[in-house]
Amino acid sequence: MTSFRDRGRRMLGEIDDLAAAKLPLEQFFRQLLTVLRPALGCEAGCLHGADPVTGFLTSTVAEGLQPTPFEHAIWLEMWSEDTTRFVDIRAAGRIVETVHRATGGRPEHSVRYRELLAEYGHGDELRMNFDVGGGLWGAAAMMREAGSAPFGVNEQRLAERAARAVAAALRDYARPTAGIPHGQNLRADPQHGPYWMGVAVIGPTGRLTSADSGARQLFEELSETQYRPAGVPTALVYLSERARAHATSGKAGSHAWTRLRRPNGQWLSVHASLLDECPRGSVALVAQPASPVEVIPLSLLAHRFSPREQEVVLQAVRGLSTRDIAQRLFLSPATVQDHLKSAFTKTGVRSRRELVALLAAPYNAGLGRPPA
């Protein structure tokens, strides 16, 4: 019988091989499920991509799950008080949690268990956040059949190791050319020009009610292999529910925002606003190429800068001199230069100009021109 140590070694080796293959993200997730399911002893599972800064889920790949409860799963993630929500796992300082552990062995206390897991023939659920370097790059939910033993301590530790390895791989996908299918490049859509925009309306039941040509193209690009009863991709379902949650919580306005990546590598900025301020009303979505302000935080995380290096590089991007950066961050000019040299080494550039061009590359691509 294979030991947990050998199982873990094999699992991590397979994850490293997948990361090195630079597959398109959906294909990477599908292959990853074939690694995680046997390693963790699961019958079903789903993987999500995420905006690493906001933590919004932006894509879903699932195996062994029925599509019917998808929208309800998103609703529970946004509205329930279940302690196994991805956001609550992260707030607790964990990267892995199980329903069995979170409820002290009383899974019936979990609303997710009552309304999703038990309802569709699942037992314990193990949830992972792919969290590294200050960014939440994705998440996973792995399920066992009803009647199976809950996830044990060794399996939870194995999942933690897997989560760290997957997070490191997903961080690399935020770089300008990572995971882009062969033959595609970082350019604005030629059909819509450099100032591409899409507008759509999601109705109260979560279904698309109207959209312009740009939004319809985006829906087609983001379409997921897993059938969706409402026909709306993960990112837009999640964003619409967040706009409704803002309205219900009494926050100023009912607006939500996230970034997501098109298959051609271009980062988009997507805004959702609740119409008529009715929590269960329609939501308007507007998508357009992300601006430098929206893209550069992703690039800072993706290039593995330390927190201090991020601060220095951000000031350099804003055009401040070494002396001004030193004064603003209470550092010596020599220390500022050391941080910049480290940033040059990590990115493979030789000057501030090249560094700024690299960090803003997805934005420049969105305008249909190469980086300066």
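Below is a short write-up of the structure. This one's a predicted model, so the numbers in the text were calculated from it and none came from an experiment.

Our next topic: the overall build of the chain. Helices and strands together make up the secondary structure of the chain, namely 15 helices and 10 strands. Looking at the chain as a whole, 51% of its 372 residues qualify as buried. Of the contacts formed within the chain by residues at least 6 apart in sequence, a portion of 62% connects residues at least 24 apart. Of the roughly 16,700 Å² that the chain leaves accessible, carbon and sulfur atoms contribute 53%.

Quick look at empty space enclosed by the protein now. Per the counting criterion, the structure on display carries 2 cavities of 30 Å³ or more. What the largest cavity holds in volume is close to 360 Å³. Among the secondary structure elements, those contributing two or more residues to the lining of the largest cavity are β1 (44-50), β2 (57-63), α3 (70-79), α6 (111-117), β4 (122-132) and β5 (135-145). The greatest single-element share of the lining of the largest cavity, amounting to 4 residues, is contributed by α3.

Grouped together as the largest cluster of nonpolar side chains are 42 residues, with contacts concentrated most on M11, I15, F28, L32, L36, M128 and F130. Sorting the residues of this core by element identifies α1 (4-21), α2 (25-40), β4, β5, α7 (153-173) and α10 (292-302) as the ones contributing at least two each. Those residues in contact with L32 that sit more than four places away from it in its chain are I15, L18, L47 and V166. Among the nonpolar cores identified, the runner-up in size contains 32 residues, and L222, V237, V283 and A287 belong to it.

The pairing of strands in a sheet happens through backbone hydrogen bonds and is either parallel or antiparallel. With respect to topology, 5 strands assemble into an open sheet ordered β2-β1-β5-β4-β3, the strand pairing being antiparallel. At either margin of the open sheet sits one strand with a lone partner, and together these are β2 and β3 (96-98). The average undirected angle you get between the axes of adjacent strands in this sheet is 15 degrees. In terms of strand pairing, β1 meets β2 through 6 bridges, oriented antiparallel. Bridge assignment links G49 to a residue of β2, and that residue is S59. Along the sheet, α7 makes contact with β3, β4 and β5, crossing β4 at roughly 40 degrees.

This part is about the packing of helix α12 (residues 322-329) against helix α13 (residues 333-347). Closest axis-to-axis distance for the α12/α13 pair is 8 Å, and the angle between their directions is 105 degrees. When the axis of α12 is compared with that of α13, the two are roughly perpendicular. Contacts from T322, I325 and A326 of α12 reach α13 at P333, V336 and Q337. Of the residues in the contact of α12 with α13, the class split is 4 nonpolar, 2 polar and no charged.

On to the packing of helix α11 (residues 307-317) against helix α14 (residues 352-359). The geometry of α11 relative to α14 is characterised by a closest axis approach of 10 Å and an angle of 100 degrees between their N-to-C directions. Classified by the angle between their axes, α11 and α14 sit roughly perpendicular to one another. Packed against α11, whose contacting residues are V313, A316 and V317, the element α14 presents R352, L355, V356 and L359 at the interface. Residue composition of the contact of α11 with α14, grouped by class: 6 nonpolar, no polar and 1 charged.

With that out of the way, let us pick up the pairing of strand β6 (residues 198-202). Looking along a regular strand, one sees side chains alternate from face to face of the sheet. Judged by how many residues are buried, β6 sits mostly within the fold: 4 of 5 residues are covered. As defined by bridge partners, β6 adjoins strand β10 (residues 283-289) across 5 bridges and the pair is classed as antiparallel. Bridged to V199 within β10 is V286. Two successive antiparallel strands, β6 and strand β7 (residues 208-211), enclose a turn made up of 5 residues, where G206 displays a positive phi of approximately 90 degrees.

Reading guide: rules and limits
As a convention, each chain's residues are numbered from 1 in the sequence order in which they are written. In keeping with the predicted nature of the model, local features appear solely for residues at pLDDT of at least 70, side-chain atom pairs appear and are counted solely at 80 or more, and the whole-chain, interface and lining totals rest on all residues. For the side-chain quantities, the full set of heavy atoms in the structure was used; hydrogens and water were omitted. Secondary structure counts use DSSP, requiring at least four H or I residues in a row for a helix and at least two E residues in a row for a strand, with both numbered from the N terminus. Partly exposed residues are those whose accessible area sits between 20% and 50% of the maximum for their type, while under 20% is buried and over 50% is exposed, using a 1.4 Å probe and protein chains only. Residues are treated as being in contact if the distance between any of their heavy atoms lies within 4.5 Å. Residue burial considers only the protein chains on display, and all accessible areas are found by Shrake-Rupley using a 1.4 Å probe. A cavity here means a set of 1 Å grid points, computed over protein atoms only, where a 1.4 Å probe fits but cannot escape. A pocket is an open set with protein on both sides within 12 Å along at least 5 of 7 lines, and lining residues have an atom within 4 Å of a point. Grid points are joined across faces, edges and corners, and a volume is the space filled by probe spheres set on the points. The definition of a nonpolar core used throughout is a set of buried Ala, Val, Leu, Ile, Met, Phe, Trp, Tyr and Cys residues joined through side-chain atoms within 4.5 Å. Strand pairing follows a simple DSSP-based rule, namely that at least 2 bridges must link the two strands. The axes are straight lines fitted to the C-alpha atoms, using for helices just the contacting stretch, and the angles between their N-to-C directions are given from 0 to 180°. Working definition: roughly parallel below 35 degrees, roughly antiparallel above 145 degrees, roughly perpendicular at 65 to 115 degrees, and oblique for all remaining angles. Put simply, Ala, Val, Leu, Ile, Met, Phe, Trp, Tyr, Cys and Pro go in the nonpolar bin, Asp, Glu, Lys and Arg in the charged bin, and everything else, Gly too, in the polar bin.

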